[in-house]
Amino acid sequence: MKKDKKDIRALSKEQLRDFFVTIGDKAFRGNQVYEWLWSKSAHNFEDMTNISKETRALLEENFVINHIKVDNMQRSNDGTIKNAVKLHDGFTVESVLIPTFSRTTACVSSQVGCSLDCKFCATAKLKRMRNLNPDEIYDQVVAIDRESRLYNNMPLSNIVFMGMGEPLMNYKNVLKSIEKITSPEGLGMSPKRITVSTSGVPKMIKKLADDEVKFNLAVSLHSAIDEVRTSIMPFNATFSLEDLKESLVYWYEKTKKRVTYEYLIWKDINDRQEDIDALVDFCKLIPCKVNIIEYNPIDDGEFQQASSEITDRYKDALENNQITVTVRRSRGKDIDAACGQLANKSAQD
């Protein structure tokens, strides 16, 4: 019976070197293969042109490269690109390229579906099927970098883990993917240009701090009042705002890096003065900035964008307290690529 081939990208460079030594080849051959896999993003062994045909055949016999495939690419009127990414086992996730005049940002997924239950997010309506492997996250970035160069004439400049899934519920693989993305032997991107966004898992935020990560942290907050937050993000009943505050103080004490709070404002949910006051108080905890994000409906009508007057009241209150705030208009709404809209519609059509 044919043996199952191992995913070669699950091996470290040392393991690749050991493999070649065990078959009587030189250890440096492992370095060459590693460079093809990570720096050159090879999708098949035939591409490895500085390796003999015999060795390539041997690799083919023993290993597989489980690369992703961009199954469907949609381009928005505003230049945003959404990729439906087919994984090796048939699952699909989505990733997005967001271009502006001066930079391009990749929004990548970390899970098939999501572990959490935010009521306003289309992805949360999908059951979590599995975590993505480091190479599957890495491949999304490679694909978007190519699209950025092709359509925007510039390399990818920033990465946000704000696609499908809760990154901190796939902690190990997310950190391994960032290690590969930032490594000089990988894509060589600066960790300062990477932001991991979490809905707020206190224990894992503390672990990020303990692990002395160099990337940025963002928290999807949306309310600084426990009852309100629990009504829209039910997992808040388990991971309360008090626990979240404690973990954020710990994060700042360890890293000295400010946190970004992402905040959506909905009519009749968090549009009262007490909601504004609670957010201002929360922001005084540690140095931070606030991104007020335009809400993108997901068809059920339960959540509606608050009026621009309410948005202005939030903005004024934050600025009056010397808190940095940006109001972000969503991109890619016409192709369901905007914040909270990723739900594999393209895969279901």
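Computed from a predicted structure; not experimentally measured. (Residues numbered from 1 in each chain as written. Predicted model: local features only at pLDDT ≥ 70, side-chain atom pairs only at ≥ 80, totals over all residues. Heavy atoms only, no water.)

Asks: Lay out helix H8 (residues 241-255) with the relevant residues and their values.
Replies: Between its first and last C-alpha atoms H8 spans 21 Å; for 15 residues at 1.5 Å apiece the expected length is 21 Å, and the two agree. Among the residues of H8, Leu241, Leu244, Ser247, Leu248, Trp251 and Thr255 are the ones counted as buried. Buried residues in H8, looked at end-on, bunch into an arc of 120 degrees, giving them a common side. Exposed residues lying more than 90 degrees from the buried face of H8 are Glu242 and Glu253. Tucked inside the fold, the buried residues of H8 contact helix H6 (202-210), strand S11 (216-220), helix H7 (226-232), strand S12 (259-264) and helix H9 (273-283). Directly after H8, the chain includes Lys256, whose backbone phi takes a positive value near 60 degrees. (Helix = DSSP H or I, 4+ residues; strand = E, 2+ residues; numbered from the N terminus. Expected span 1.5 Å × (residues − 1). Buried < 20%, exposed > 50% of the residue type's maximum accessible area, 1.4 Å probe, protein only. Arc of directions from axis to C-beta. Contact = heavy atoms within 4.5 Å.)

Asks: Any details on the UniProt feature "active site" (unreviewed entry) in the protein? Residues and values, ideally.
Replies: Taken from the UniProt record, the annotation "active site" (unreviewed entry) applies to Glu94 and Cys339. Looking at the element boundaries, Glu94 is found in strand S5 (residues 92-99). (UniProt positions renumbered as here; feature names shortened; annotations may be inferred.)

Asks: A description of empty space enclosed by the protein should follow, citing residues and the corresponding values.
Replies: The full count for this structure, using the stated rule, is 1 cavity of 30 Å³ or more. The calculated volume of the largest cavity comes to roughly 40 Å³. If you trace the largest cavity, you find it lined by Ile265, Ile292, Ile293, Glu294, Gln305, Thr311, Val327 and Arg329. Partitioned by chemical class, the residues of the lining of the largest cavity number 4 nonpolar, 2 polar and 2 charged. (1 Å grid on protein atoms, 1.4 Å probe; cavity = no way out; pocket = protein on both sides within 12 Å on 5 of 7 lines; lining within 4 Å. Points joined across faces, edges and corners; volume = space filled by probe spheres on them. Nonpolar A, V, L, I, M, F, W, Y, C, P; charged D, E, K, R; others polar.)

Asks: So, the sheet that holds strand S13 (residues 288-293): which residues are in play, and what are the values?
Replies: Read across the sheet, 10 strands follow the order S3-S4-S5-S6-S9-S10-S11-S12-S13-S14 without closing on themselves; strand pairing throughout is mixed. Pairing within the sheet leaves two strands with one partner each, and these edge strands are strand S3 (69-75) and strand S14 (324-328). Strand after strand, the sheet turns through a mean of 20 degrees between neighbouring axes, direction not considered. Looking at chain direction, strand S9 (residues 158-161) and strand S10 (residues 194-198) are connected through 3 bridges and run parallel. Of the residues in S10, the one forming a bridge with Ile159 is Ile194. (Pairing = 2+ DSSP bridges. Axes fitted to C-alpha atoms, helices over the stretch in contact; angles between N-to-C directions.)

Asks: Break down the UniProt feature "binding site: S-adenosyl-L-methionine" (unreviewed entry) in the protein for me, with residues and values.
Replies: Per the UniProt entry, the sites bearing "binding site: S-adenosyl-L-methionine" (unreviewed entry) are Gly165, Glu166, Ser197, Ser220, Leu221, His222 and Asn296 in this numbering. The residue Gly165 is located in the loop between S9 and helix H5 (171-182) in this model. Following the sequence through the fold, His222 ends up in the loop between S11 and H7.

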